[in-house]
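Single-letter residue listing:
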Amino acid sequence: MEFRELTIKNKTARIPIIQGGMGVGVSGFRLAGAVAKEGGVGIISSAQIGYDEPGFEHDACGCNLRAIEKHVRLAKEQADGGLVGVNVMTALKHYAGHVKAAVQAGADLVVCGAGLPVDLPELVGDADTAIAPIVSSRKAASVLLRMWDKKYHRTADLLVVEGPFAGGHLGFTPAQLEDVQALDFEEEIRQILKEKSIYERKYGVQIPVVVGGGIFDRSDVRRMLELGADGVQVATRFVATEECDASKAYKQAYIDARDEDVVIVQSPVGMPGRALYNAFIQKVEQGKQPIQKCFQCLKKCTPQKVPYCITQALVNAVLGDLEHGLIFCGAKVGKIRKMTTVAELMRELVM
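(A) Quick look at helix 1 (residues 29-37). Taken across its nine residues, helix 1 has seven buried, putting it largely inside the fold. Three or more residues of helix 1 are buried, namely F29, L31, A32, G33, A34, V35 and A36. In this structure, the buried side of helix 1 is in contact with strand 3 (17-19), strand 4 (41-45), helix 2 (60-79), strand 5 (83-89), helix 9 (236-239) and helix 13 (342-350). Immediately beyond the C-terminal end of helix 1, within one or two residues, lies G39, with a positive phi of roughly 105°.

(B) Local environment of helix 7 (residues 185-203). With 19 residues, helix 7 extends 27 Å between its outermost C-alpha atoms, agreeing within 8% with the 27 Å of an ideal straight helix rising 1.5 Å per residue. Of all the positions in helix 7, only F185, I189, Q191, I192, L193, E195, K196, S197, Y199 and E200 are classed as buried. Against the buried residues of helix 7 lie strand 7 (130-135), helix 5 (138-152), strand 8 (159-162), strand 10 (209-212) and helix 8 (218-226). Directly after helix 7, the chain includes G204, whose backbone phi takes a positive value near 65°.

(C) Representation of the pairing of strand 4 within the structure. In terms of burial, strand 4 is a largely internal element, five of the five residues being buried. Going residue by residue along strand 4, you find V41, I43 and S45 tucked away on one face and G42 and I44 tucked away on the opposite face as well. Note: strand 4 against strand 5, five bridges, orientation parallel. By the bridge assignment for strand 5, I44 is matched with V86.

(D) Fine view of the nonpolar core. Of all hydrophobic cores here, the largest spans 107 residues; its most connected members are I17, V99, L120, F238, Y254, L276 and L326. In terms of nonpolar packing, the next biggest core, distinct from the first, is built from 15 residues, I18, L83, A130 and I134 among them.

(E) Focus on the sheet that holds strand 12 (residues 262-266). Overall, antiparallel pairing links the three strands, which are arranged 9-13-12 in an open sheet. Pairing within the sheet leaves two strands with one partner each, and these edge strands are strand 9 (168-169) and strand 12. Direction of pairing for strand 9 relative to strand 13 (residues 272-276): antiparallel, over a ladder of two bridges. When the sheet's bridge partners are listed, H169 is paired in strand 13 with G273.

(F) Fine view of the packing of helix 5 against helix 7. For the pair helix 5 and helix 7, interaxial distance at closest approach is 9 Å and the crossing angle is 15°. The pairing of helix 5 with helix 7 is recorded here as roughly parallel in orientation. Note on packing geometry: the crossing formed by helix 5 with helix 7 is right-handed. In this structure, helix 5 contributes R138, K139, A141, S142, L145, R146 and D149 to the contact, and helix 7 contributes E188, Q191, I192, K194, E195, K196, Y199, K202 and Y203. Split into classes, the residues belonging to the contact of helix 5 with helix 7 amount to five nonpolar, two polar and nine charged.

(G) Representation of unusual backbone geometry in the model. At the junction of G23 and V24, the peptide bond is cis and its omega measures out at -5° in the coordinates. Within the secondary structure, V24 sits in the loop between strand 3 and helix 1. You will see that D80, though not glycine, has its phi angle at about 55°, which is positive. Assignment of secondary structure puts D80 in the loop between helix 2 and strand 5. In this structure, A114 takes a positive phi of about 55° despite not being glycine. Looking at the secondary structure, you find A114 in the loop between strand 6 (109-113) and helix 4 (120-124).

(H) Highlighting the pattern of salt bridges. According to the stated counting rule, one finds 20 salt bridges in the structure shown. We note a salt bridge from E195 to R138, for which the minimum N-O separation is 2.8 Å. Linking E195 in helix 7 with R138 in helix 5, this pair joins segments that are 57 residues apart in sequence. Residue class for E195 comes out buried when judged on its relative accessible area of 6%. Note on R138: relative accessible area 25%, which makes it partly exposed. Salt bridges sharing partners connect three or more residues here, namely E186, E187, R190, R223 and E226.

(I) Geometry of the packing of aromatic side chains. According to the stated counting rule, one finds two aromatic pairs in the structure shown. The ring of F216 has R237 sitting right over it, with the charged end atom 4.2 Å from the ring centre.

(J) View of the layout of surface pockets. Empty space within the second largest pocket amounts to approximately 360 Å³. Breaking the lining of the second largest pocket down by element, the ones donating at least two residues are helix 7, strand 10 and helix 8. Split by residue class, the lining of the second largest pocket holds nine nonpolar, four polar and five charged.

Conventions and cut-offs
- Residues numbered from 1 in each chain as written.
- Predicted model: local features only at pLDDT ≥ 70, side-chain atom pairs only at ≥ 80, totals over all residues.
- Heavy atoms only, no water.
- Buried < 20%, exposed > 50% of the residue type's maximum accessible area, 1.4 Å probe, protein only.
- Helix = DSSP H or I, 4+ residues; strand = E, 2+ residues; numbered from the N terminus.
- Contact = heavy atoms within 4.5 Å.
- Expected span 1.5 Å × (residues − 1).
- Pairing = 2+ DSSP bridges.
- Core = buried A, V, L, I, M, F, W, Y, C linked by side-chain atoms within 4.5 Å.
- Axes fitted to C-alpha atoms, helices over the stretch in contact; angles between N-to-C directions.
- Parallel < 35°, antiparallel > 145°, perpendicular 65-115°, else oblique.
- Left-handed = near helix turned anticlockwise from the far one by under 90°.
- Nonpolar A, V, L, I, M, F, W, Y, C, P; charged D, E, K, R; others polar.
- Salt bridge = Lys/Arg side-chain N within 4 Å of Asp/Glu carboxyl O.
- Phe/Tyr/Trp six-rings, centres within 6.5 Å; stacked < 30°, edge-to-face > 60°.
- Lys NZ or Arg CZ within 6 Å of the ring centre and 35° of its normal.
- 1 Å grid on protein atoms, 1.4 Å probe; cavity = no way out; pocket = protein on both sides within 12 Å on 5 of 7 lines; lining within 4 Å.
- Points joined across faces, edges and corners; volume = space filled by probe spheres on them.

And the structure:
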């Protein structure tokens, strides 16, 4: 199968691969810029992106906003004209500010998941930045597209469809994840393609669909394109690259991982998540972990009630303190065997 270009709004990526957004600090400007330079779409995660900025402990919000601008600028300098976007979780307490900062910084697209971004068109306004919601079902796509149509008289520029094998926060219930085959996700993709065609006809536009979750090799890419998708979203594979912004220890954890190390955890964000089973998760299973400071990251987080601070756990992990860190990953992380580069991985996926 020939791999087509991916056009999002009025901009085109040579290769139909979007690198998934991974916070905290896993997908920053180095990874996003490298992917964009190779012809894909590089994505920066805004989730606590300012974790390594001076003063983060005292002003996480301000550091994050400054870091969004910095990472977009640096990624674009590296991208050589390639597309760079920002992933903003709707579950973030400062979600609206992050979207606006990404637009102001000149991001080519804003990708939003961890909830439905009902007000995303309003936040982006008339800017040239494309809007790309993440959905996991036809129902979610239908609700959101109908709402945007009625309230804002516009539609999505791109749909990212995340399946049950994705890493990090998942748009499925724990019961659904226990019996993934019963979900028939491929049929869900077909139904989402039908749903988006309604709005393509109404607005006279193309709404590309990109599918993510469990995309590991060229055969996975081909299968999604055969189903009618316009491209794929790949995240886990990009962690074991030289350009990934995470620590060497974090990357090595992916390389060393086995299938049986992958577990479903309950995140303080209120959604199940997929991660590597390690000493930190063992401690969480034994009881609530002390929270020394609230970083004001999630809308619905109450420090007195949640089992651990997700910001601190993710920062620890990305810095290499894996014993005290949460390591999100995709379902197929156990198939990774070696370190590679972004250029080599892109060639492997599409050549």
